[in-house]
Amino acid sequence: MIPSRLRDARTQRGLTQEQLALDVGIHPRMLPRYEGGVCAPQLEGAVRIAKRLRVSLDWLVGLAACGECGETDGEEEITKQGGEDVRTCEHCRREARAA
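All values derive from a computational prediction rather than experimental measurement. The numbering scheme is per chain: residues are counted from 1 as the chain's sequence reads. Selection of residues for local features in this predicted model requires a pLDDT of at least 70, selection of side-chain atom pairs for listing and counting requires 80 or more, and totals for whole chains, interfaces and linings are taken over all residues. Side-chain numbers here rest on the full set of heavy atoms in the structure, without hydrogens or water.

(A) How the structure looks around the overall build of the protein chain. A run of H or I in DSSP counts as a helix once it spans at least four residues, and a run of E counts as a strand once it spans at least two, with each numbered from the N terminus. Looking only at helices and strands, the protein chain has six helices and two strands in total. Its helices and strands in sequence order give the protein chain the pattern α-α-α-α-α-β-β-α, from N to C terminus. Throughout, a contact is declared for two residues whenever any of their heavy atoms are within 4.5 Å. Contacts in the protein chain between residues at least 24 apart in sequence constitute 36% of all its contacts with a sequence separation of at least 6. The Shrake-Rupley method, run with a 1.4 Å probe sphere, supplies the accessible areas, and residue values consider only the shown protein chains as cover. On the protein chain, roughly 5800 Å² of surface is accessible, and the fraction owed to carbon and sulfur atoms is 48%.

So this is what it looks like as structure tokens:
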């Protein structure tokens, strides 16, 4: 898990470390350790975190460039949709323009 991606996604959702920990069923002391890079969650915990933050697990662990679609190529960009920051890539933006 990439600590900065976890922290950025959490803060963009307006969640405190304690709120996210409680939402996904982990001890509140663990999230600061994940965000600090001290340790990483087990797979089940990582999946719950990704779902709660509405990002792909691949993005959270650094295998994808985009948090929305999991696209592995290109650069990610943060855009506003419905007043909320959304991480998108060129692939997502192309699909949105085509729709």
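Here the narrative resumes, following the displayed structure.
(B) A look at the environment of Arg33. Locating Arg33 in the fold gives a position in helix H3 (residues 30-35). Only protein chains enter the accessibility calculation, which uses a 1.4 Å probe; a residue is then buried when its area is under 20% of its type maximum, exposed when over 50%, and partly exposed in between. With a relative accessible area of 39%, Arg33 lands in the partly exposed category. Residues Arg33 and Pro3 lie 30 residues apart in sequence; the distance between their C-alpha atoms is 9.0 Å. Other than its neighbours up to four places away in sequence, Arg33 contacts Val38 and Cys39.

(C) Fine view of the environment of Leu63. Relative to the elements of secondary structure, Leu63 occurs in the loop between helix H5 (57-60) and strand E1 (76-81). Residue class for Leu63 comes out exposed when judged on its relative accessible area of 58%. In this structure, the C-alpha to C-alpha distance between Leu63 and Ile2, residues 61 residues apart in sequence, is 9.9 Å.

(D) How the structure looks around helix H1 (residues 3-12). For H1, the full list of buried residues reads Leu6, Ala9 and Arg10. Around the axis of H1, the buried residues are gathered within 100 degrees of arc, so they sit on the same side. The positive-phi residue at the C-terminal boundary of H1 is Gly14, with phi of around 75 degrees. Read the arc as the range of directions from the helix axis to the C-beta atoms.

(E) Seen up close, the nonpolar core. Residues enter a nonpolar core if they are buried and are Ala, Val, Leu, Ile, Met, Phe, Trp, Tyr or Cys, with the set joined through side-chain atoms within 4.5 Å. Counting residues in hydrophobic clusters, the biggest one holds 16 residues, and the most contacted among them are Leu6, Leu20, Leu31, Ile49 and Leu53. Elements supplying a minimum of two residues to this core: H1, helix H2 (17-24), H3, helix H4 (43-53) and H5. Setting aside anything within four residues of it in sequence, one finds Leu53 in contact with Leu6, Ala9, Arg10, Arg13, Leu15 and Leu20.

(F) Here's a closer look at the packing of H2 against H4. Axes here mean lines fitted to C-alpha atoms, for a helix over just the part in contact, with angles spanning 0 to 180 degrees between N-to-C directions. Across the interface, H2 lies against H4 with an axial gap of 9 Å and an inter-helix angle of 115 degrees. Read as a crossing pair, H2 and H4 show a hand that is right-handed. In contact with Leu20, Asp23 and Val24 of H2, H4 contributes Arg48, Ile49, Arg52 and Leu53. If you view the pair so one helix is near and one far, a crossing is left-handed when the near helix is turned anticlockwise from the far one by less than a right angle, and right-handed when it is turned clockwise.

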